[in-house]
Every structure is written in structure tokens, then in C-alpha cells.
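Each chain is listed here by its residues.
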Amino acid sequence: MAAARFNELTLNSVVAETADAVILSFDIPAELRDEYAFTPGQYLTLRDTIDGQDVRRSYSICSPLGSDTLSVGVKRIDGGVFSSHAMALNAGKSLQVMTPQGRFLAPIGGEHDYLLLAAGSGITPMVSIARSVLENEPNSTVTLCYANRSTESVMFRTAFDDLKDQYLTRFMLTHVMDQEIQDIELFNGRLDGEKLDTMATRGLITPKAYDAIYICGPQPMIEGASVALESMGVDKDKIKFELFTPNGGTPIASANASQVDPNADALKISVTVDGSTRSFPLRPGEKTVEAAAKAGVEFPYSCDNGMCATCRCKVVRGDVEMVQNFSLEPWEMEAGFVLACQVQPKSDDVLLDFDAL
Ligand code: FES
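The sections below set out a description of the structure shown in this document. (Residues numbered from 1 in each chain as written. Predicted model: local features only at pLDDT ≥ 70, side-chain atom pairs only at ≥ 80, totals over all residues. Heavy atoms only, no water.)

**Things to note about unusual backbone geometry**
Working note: non-glycine residues mostly have negative phi, and peptide bonds are mostly trans.
Then, number 1: Of note, the phi angle at Asp 51 is positive, near 50°, even though the residue is not glycine.
Then, number 2: Looking at the secondary structure, you find Asp 51 in the loop between strand E3 (43-50) and strand E4 (53-60). (Helix = DSSP H or I, 4+ residues; strand = E, 2+ residues; numbered from the N terminus.)

In C-alpha cells, the structure reads:
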């Protein structure tokens with residue numbers, strides 16, 4: 001994963017996509033083009049000061065490869081500090097934008113049949129993947145199953161209608177709605193394992209035939225779809241997913257809240273970023289992101305929840321454990337990599353290296 005860093009980028013447009021979603025598009029200066037080159041499926045972390053607080057959130061890139069601007073889709077969520085802020089942004093405003101990150105990758109090139117499964121704002125990376133594939137892989141096909149509450153909440157409806165018109169034989173789209181009755185009963189309800197099973201039985205999808213399957217949405221949808229696909233004979237390695245929220249939709253941060261013991265001795269944590277090493281004290285139970293910020297120490301992070309791997313680093317010295325991990329593979333942990341945002345030291349004088357590959 002490339003080194004993550006923030007740059008100040010200017011919004012060249014803010015376009016309402018639905019009543020509660022906007023598309024933010026950024027100009028990328030020529031000298032930063034290489035840094036902001038991306039693989040479809042990746043996301044940007046946006047950072048701004050809101051009511052005096054430094055707030056950062058990650059949003060998937062919806063632009064296709066080769067686009068002059070980088071766009072992300074932001075859907076307002078109840079109580080969402082950054083998403084509410086985003087609704088009121090205007091062109092000309094500058095934000096801190098991290099270089100593209102993420103492991104939900106759809107490398108473009110060759111000839112493939114793709115199945116994309118998305119729910120709600122989980123569609124955002126799929127727009128980038130679908131457009132990039134259709135525009136750059138002339139013999140590939142894309143089948144998209146897209147779940148929403150109702151027509152009004154469908155993001156990128158016009159973009160997908162255009163793709164259907166343009167790629168009649170290579171782009172297949174199915175809408176599934178759970179709060180709006182559609183004529184065909186199969187397309188009502190949730191996009192869960194049972195629905196996929198029925199769709200496969202009726203020949204609307206052919207799970208074993210796809211070269212890659214991308215799933216993005218809430219955790220129950222991802223888990224249900226993955227289990228169903230595997231039971232239909234799909235090789236696990238072909239299934240890639242992007243987790244937005246944990247089971248039940250509860251922000252992971254609340255499950256991971258600090259339980260700081262004020263009487264416990266603080267332990268020393270050091271971080272090496274871009275060759276420079278700085279240290280900060282961390283009390284048992286305290287979150288590394290908060291402890292580092294208090295000491296004026298910066299390291300790359302985004303979700304602060306163990307999901308995105310922006311804070312992936314290697315333990316060079318000391319002993320640590322992670323509170324939770326939704327993104328590192330077993331081999332990475334065996335090789336000594338951890339998520340800094342989830343680290344709790346088990347010994348003093350821990351050194352975490354963000355430059356390790
Ligand atoms: S910041 Fe996302 S996993 Fe640590």
C-alpha cells in the first residue's frame with residue numbers, strides 16, 4: 001500500500017445525487033496526478049475542521065479510470081458529522097484529502113465476467129469499477145445487483161441508465177427494493193443469501209461463472225451473500241468485499257470505546273513515519289489515535305475502527321495486541337503487521353514502523 005498523505009485539494013463541483021447524497025469532485029493539480037492515481041474500488045479520506053474538531057471520513061471513489069477529476073459519493077447518515085457537513089459544501093472550498101487507499105481493488109485489464117453486489121451507498125466504488133471495466137475491457141461483462149429502500153434513494157441512477165444504453169450486451173443491472181413494490185416479486189425485499197440463491201436458480205446470475213465478485217454494503221449483507229455464494233460453489237478467493245459498518249450498523253467506534261485506567265502507568269509508543277521517529281505516552285485502554293494527537297504526533301489513519309488498514313504498520317520492537325481487526329490478512333499478522341489504531345501495548349517501549357512494506 002502506498003504511503004498515505006494528505007494534500008489540500010479544491011472542490012470543483014458539489015452535485016446533489018439524491019435528496020440525501022452528494023458527489024464531491026476535486027481538481028487534481030498536475031504535480032499530484034501520480035500521487036492520486038487509483039485502482040477502481042479505492043477510497044479517499046477527507047479531513048476538515050468541523051465545530052473546532054479535526055474530523056476525517058473515508059468515501060469511495062466513484063470516478064472511472066482516466067477521469068480528469070476525482071469524485072466521491074457522500075450519503076448523509078443520521079448524526080453523521082462529516083456527511084452532514086458535506087451536504088453544505090460548495091465548489092471552491094478546499095479540503096485535506098488523503099491519497100487513495102484501500103484493498104477493495106479491481107485492477108483493470110484483460111477479459112473478465114464480473115458480478116457486483118451493492119446495497120445503499122455501497123454502490124459508490126461499484127460505479128468506478130463498472131465504468132472502468134466497461135470502458136477499458138472491451139470483452140468483459142458486468143452484472144450489477146443493487147439494493148435500495150426505494151427508487152428515490154438510488155444513487156447514480158442516471159449513470160447506470162446511460163451504461164445500460166451504451167453497453168447493451170455487456171452490462172446487466174438488477175434493482176432490488178425493500179420498501180417499494182416492483183412488478184417482479186423476485187426484485188422485492190433484501191439482497192440476501194436467499195435472494196441470490198433464487199436469482200441463481202432462475203438464471204439471472206451464474207455465480208460459478210464469474211471471474212471476480214465484489215460486494216459492498218453493511219456487514220450482514222456481505223456475510224449473507226458470501227456464505228450463499230460459497231455454498232453455490234464459488235471459490236472464496238474470487239469474493240472481495242468492502243465493509244462499511246459492523247454487524248447491526250452500530251459504529252465500531254462505540255464498541256471500541258476507550259476504557260482508560262487513570263492510575264495505570266503510561267507506556268511509551270514510538271512511530272516511524274517517512275523515516276522520522278516520534279514517541280508518545282499511551283495509558284492502557286487509551287486509543288492510539290487520541291493519545292498521539294494529544295502529544296502532537298501524527299501517523300496515517302482514517303476509519304479509526306480497524307476496517308480500512310490505512311494505519312497498517314509493522315511492530316519493530318515490543319509486544320502489542322489489537323482490539324479488533326477487520327482488514328489485515330492472517331499472513332500480515334504473522335509477518336508482524338498491525339493496525340496502529342487498534343494497538344494496545346503489552347510491553348513498554350513499542351516501536352511501530354509505518355514505512356515497512
Ligand atoms: S485507521 Fe482504519 S484500520 Fe486503522
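Now that the structure has been shown, the text picks up again.
**Comments concerning the pairing of E3**
Then, number 1: Of all eight residues in E3, seven are buried; the element is thus mostly enclosed.
Then, number 2: Of the pairings in the sheet, the one linking E3 to E4 comprises eight bridges and is antiparallel in character. The residue of E4 that forms the bridge with Ile 50 is Gln 53.
Then, number 3: Taken together, E3 and the strand that follows it, E4, pair antiparallel across an intervening segment of two residues, in which Asp 51 is found at a positive phi of about 50°.
Then, number 4: Where E3 meets strand E6 (residues 94-98), two bridges bridge the pair, whose relative direction is antiparallel. Bridge pairing in E6 links Arg 47 to Gln 96. (Buried < 20%, exposed > 50% of the residue type's maximum accessible area, 1.4 Å probe, protein only. Pairing = 2+ DSSP bridges.)

**Structural notes on the pattern of salt bridges**
Then, number 1: Per the counting criterion, the structure on display carries 13 salt bridges.
Then, number 2: One salt bridge in this structure joins Glu 332 and Arg 312, with 2.7 Å as the shortest N-O distance. Residue Glu 332 is located in helix H8 (residues 330-334), and its partner Arg 312 is located in strand E14 (residues 312-317); the two are separated by 20 residues in the primary sequence. Neither residue differs from the other here; Glu 332 and Arg 312 are each classed as buried.
Then, number 3: Several salt bridges share partner residues, and in doing so they unite Arg 5, Glu 35 and Asp 274 into one network. (Salt bridge = Lys/Arg side-chain N within 4 Å of Asp/Glu carboxyl O.)

**Concerning the environment of Thr 39**
Then, number 1: Within the secondary structure, Thr 39 sits in the loop between strand E2 (21-27) and E3.
Then, number 2: A relative accessible area of 24% places Thr 39 in the partly exposed class.
Then, number 3: Sequence-wise, Thr 39 and Gly 102 are 63 residues apart; in three dimensions their C-alpha atoms are separated by 9.1 Å.
Then, number 4: Beyond its immediate stretch of four places on either side in the chain, Thr 39 contacts Leu 105, Ala 106 and Pro 107. (Contact = heavy atoms within 4.5 Å.)

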